[in-house]
Amino acid sequence: MLAVTALALARLHDLFAIAMLSGIYSLVSAVLFVMLDAVDVAFTEASVGAGVATVFLLSTLALTASREKTVPRKSLLALVVVVITGAALIYGTIDIPPFGDPDNPIHHHVAPRYVHDSPQEIGIPNMVTSILASYRGYDTLGETVVIFTAAIGVLLLIGGKRRVSSKDKNE
Amino acid sequence: MSIVGHYNYWIVAVLMMTGFYIVIASNNLIKRLVGLSVFQTSVFLLYISMGKIGGGTAPIVAAGVKHYSNPLPHVLILTAIVVGIATLALGLALVVRIHETYGTIEEDEIHAQDEEEAL
Amino acid sequence: MKHYPIPRLAAKLLLPVIILFALYVQFHGDYGPGGGFQAGVIFAAGIILYGLVYGLDSARQLCPPWLLQLGISLGVMIYAGVGVVALLLGGNFLDYNVLDPHDPVHGQHLGILLVELGVGITVAAVMITIFFAFAGRRG
């Protein structure tokens, strides 16, 4: 389902439809995240991907062109590169430990400590929140600063009033 | 076991390559950004798939539950999604400025205009 | 959008529900799924909906730009400020255990609540700011 949506994204040329379809794609992936037990992630993906990202894409489209020019330029070469890389990746998955097995190495290093001790140490049931805000507080601080910086960047780029003639600064 | 056990990772590879194809094959800057976010989602899916434990449940403490899925990848991806939207917004802002300066968002037309100016 | 009564009414009905849900997600993030990021985005989505239906100017009146710019930096300040307070109380940076000298678990609770509040304020303000920047570009 997700793959079908993604492939449709690759085929489409109407950017308006692409923006809508990327919203649907985010929603479908959010459903998949719920099935994989990542409720917090699904929540974020649904609100960010399907909500805000679509609005941003659409408002950019309102400012620019809404249709892609169909130029089948070097598509074949790109396809060959992609197929080779994809084959290498799938070959690589053979070495990955099987899906959903509790004995996988990822479940043995830090996670058991979080799962077992965080209810006593932090005292809140949602482990994702306690790791996010407490154990990994530095990461989240840095990440908040990243968003802060992105906002400043966007404001610097398009926050002011539009220039009267865009050709002026080329001279 | 081998087929079922790796199905998720294959989907990840397919999605990743779809995003990659969009990024390298399309000329349009907005479509490239969308491709980039498809690529991003595939990485999210890879992490979340790794964190899943069969028979486990969401990592929220509840009575009578033995196995929780690994919460650590969830945290990493949670922050990655928000950083992703921030970078997407920044990229779109750049696209808007490029459109204002060049009047187009097709990459080859931008290159053509640059070469004309250089001559 | 001025001549379409149904979207206007629907937006009017939905807006308080969205804002309330955002606050619920913000402060209930300790117990269920949710937290600062999601709450901020949902809050921003509510304002964006209002801006889309009622026009940018009325949304700007609702959330004036100075308030947003204050919010962007205030959130980061709250987050970093909690860390500095922990530092001054004799702990490590962002070590919430010292926030409550009698009960470390309660200190953790308080710290997480404040930090998530900071994240929520920043995310909401940033998303609304970016939307205003895009939407205001056309005029």
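Residues numbered from 1 in each chain as written. Chains lettered and ligands numbered in written order. Predicted model: local features only at pLDDT ≥ 70, side-chain atom pairs only at ≥ 80, totals over all residues. Heavy atoms only, no water.

Peer 1: Account for the overall build of chain C, with residues named and values stated.
Peer 2: When its secondary structure is counted, chain C shows five helices and zero strands. In sequence order, the secondary structure elements of chain C are arranged as α-α-α-α-α. Looking at chain C as a whole, 49% of its 139 residues qualify as buried. Here the contacts in chain C between residues at least 6 apart in sequence split such that 61% fall between residues at least 24 apart. (Helix = DSSP H or I, 4+ residues; strand = E, 2+ residues; numbered from the N terminus. Buried < 20%, exposed > 50% of the residue type's maximum accessible area, 1.4 Å probe, protein only. Contact = heavy atoms within 4.5 Å.)

Peer 1: Could you give me a rundown of the interface of chain C and chain A, with the residues and numbers involved?
Peer 2: In this assembly, 41 residues from chain C lie in contact with 42 residues from chain A. For the pairing of chain C and chain A, the buried interface totals around 3800 Å² over both sides, and the portion due to carbon and sulfur atoms is 75%. Counting the surface chain C buries against chain A, the share from its top three residues, Phe37, Phe134 and Arg137 of chain C, is 19%. Going through the elements one at a time, helix H1 (5-28), helix H2 (36-54), helix H4 (65-88) and helix H5 (104-136) of chain C are the ones with two or more residues in the side of chain C that touches chain A. Looking at the side of chain C that touches chain A, its residues break down into 26 nonpolar, eleven polar and four charged. (Buried area = accessible area lost by both parts, 1.4 Å probe. Nonpolar A, V, L, I, M, F, W, Y, C, P; charged D, E, K, R; others polar.)

Peer 1: A description of the packing of aromatic side chains should follow, citing residues and the corresponding values.
Peer 2: Each aromatic ring pair is summarised here by two numbers: the centre-to-centre distance and the angle between the ring planes. For the coordinates displayed, the defined rule picks out six aromatic pairs over all chains. Both rings, one in Phe20 of chain B and one in Phe39 of chain B, keep their centres 6.5 Å apart while their planes meet at 75 degrees; by these two values the pair is edge-to-face. Of this pair, Phe20 of chain B sits in helix H2 (residues 7-25) while Phe39 of chain B sits in helix H3 (residues 29-51); the two residues are 19 residues apart in sequence, bridging distant segments of the chain. Centre to centre, the rings of Tyr50 of chain C and Tyr54 of chain C are 4.9 Å apart; their planes meet at 25 degrees, and the pair counts as stacked. Pair noted here: Tyr50 of chain C and Tyr54 of chain C are both in helix H2, with a separation of four residues, about one helical turn. (Phe/Tyr/Trp six-rings, centres within 6.5 Å; stacked < 30°, edge-to-face > 60°.)

Peer 1: If you had to explain the environment of Ser47 of chain A to someone new, which residues and values would you point to?
Peer 2: As for its position among the elements, Ser47 of chain A is in helix H3 (residues 39-63). Taking the C-alpha atoms as reference points, Ser47 of chain A and Ala30 of chain A, separated by 17 residues in sequence, lie 9.3 Å from one another. With residues near it in sequence (within four places) discarded, Ser47 of chain A still touches Val52 of chain A together with Val41 and Ile42 of chain C.

Peer 1: Summarise the interface of chain A and chain B; cite the residues concerned and give the values.
Peer 2: Note: interface size is frequently given as the accessible area lost on complex formation between the parts. Counting from both sides, the interface comprises 86 residues of chain A and, opposite them, 73 residues of chain B. Each partner contributes to the roughly 7400 Å² buried at the junction of chain A and chain B, and carbon and sulfur atoms together form 74% of this total. For the interface between chain A and chain B, the tally reads zero salt bridges. One can count one residue pair in polar contact (both at pLDDT 80 or more) joining chain A with chain B. Elements that contribute at least two residues to the side of chain A that touches chain B include exactly helix H1 (2-11), helix H2 (15-35), H3, helix H4 (75-93), helix H5 (111-121), helix H6 (127-135) and helix H7 (137-158) of chain A. Split by residue class, the side of chain A that touches chain B holds 56 nonpolar, 16 polar and 14 charged. (Salt bridge = Lys/Arg side-chain N within 4 Å of Asp/Glu carboxyl O. Polar contact = N/O pair within 3.5 Å; in protein donor to acceptor, adjacent residues only side chain to side chain.)

Peer 1: Could you give an account of the side chain of Glu45 of chain A, naming the residues involved and the relevant values?
Peer 2: Mapping Glu45 of chain A onto the fold places it in helix H3. Take Glu45 of chain A: its relative accessible area is 4%, and that puts it in the buried class. At 3.2 Å, the side chain of Glu45 of chain A and the side chain of Ser26 of chain A are in polar contact. In contact with Glu45 of chain A, not counting residues within four places along its chain, are Ser26, Ser29, Ala30, Phe33 and Ala50 of chain A together with Phe44 and Ile81 of chain B.

Peer 1: How would you sum up the packing of H2 of chain A against H3 of chain A? Please name residues and give values.
Peer 2: The description of two packed helices rests on the angle between their axes and on the distance between the axes. All names here are of chain A. The N-to-C vectors of H2 and H3 enclose an angle of 175 degrees; their axes lie 8 Å apart at closest approach. Taken together, the axes of H2 and H3 lie roughly antiparallel to each other. Contacts between H2 and H3 involve Leu15, Phe16, Ala19, Met20, Ser22, Gly23, Ser26, Leu27, Ser29, Ala30, Phe33 and Val34 on the former and, on the latter, Val41, Ala42, Glu45, Ala46, Gly49, Ala50, Thr54, Leu57, Leu58 and Leu61. Each residue belonging to the contact of H2 with H3 can be placed in one class, and the counts come to 15 nonpolar, six polar and one charged. (Axes fitted to C-alpha atoms, helices over the stretch in contact; angles between N-to-C directions. Parallel < 35°, antiparallel > 145°, perpendicular 65-115°, else oblique.)

Peer 1: Outline a nonpolar patch on the surface, listing residues and values.
Peer 2: A cluster of nonpolar side chains, contributed by Leu76, Leu79, Val80, Val83 and Ile84 of chain A, occupies part of the molecular surface with about 490 Å² of accessible area. Assignment of secondary structure puts Val83 of chain A in helix H4. (Patch = residues over 30% accessible without salt bridge, like charges linked within 9 Å, V, L, I, M, F, W, Y side chains within 5 Å. Areas by Shrake-Rupley, 256 points an atom, 1.4 Å probe, with all protein chains shown as cover.)

Peer 1: So what about the pattern of salt bridges? Which residues, and what values?
Peer 2: Residues and elements named next belong to chain B. According to the stated counting rule, one finds one salt bridge over all chains in the structure shown. Glu100 is the salt-bridge partner of Arg97, the closest N and O atoms lying 3.9 Å from each other. One end of the pair is Arg97 and the other is Glu100, both in helix H4 (residues 71-102) and three residues apart, which spans about a single turn. Here Glu100 falls in the buried class, since its relative accessible area comes to 15%.

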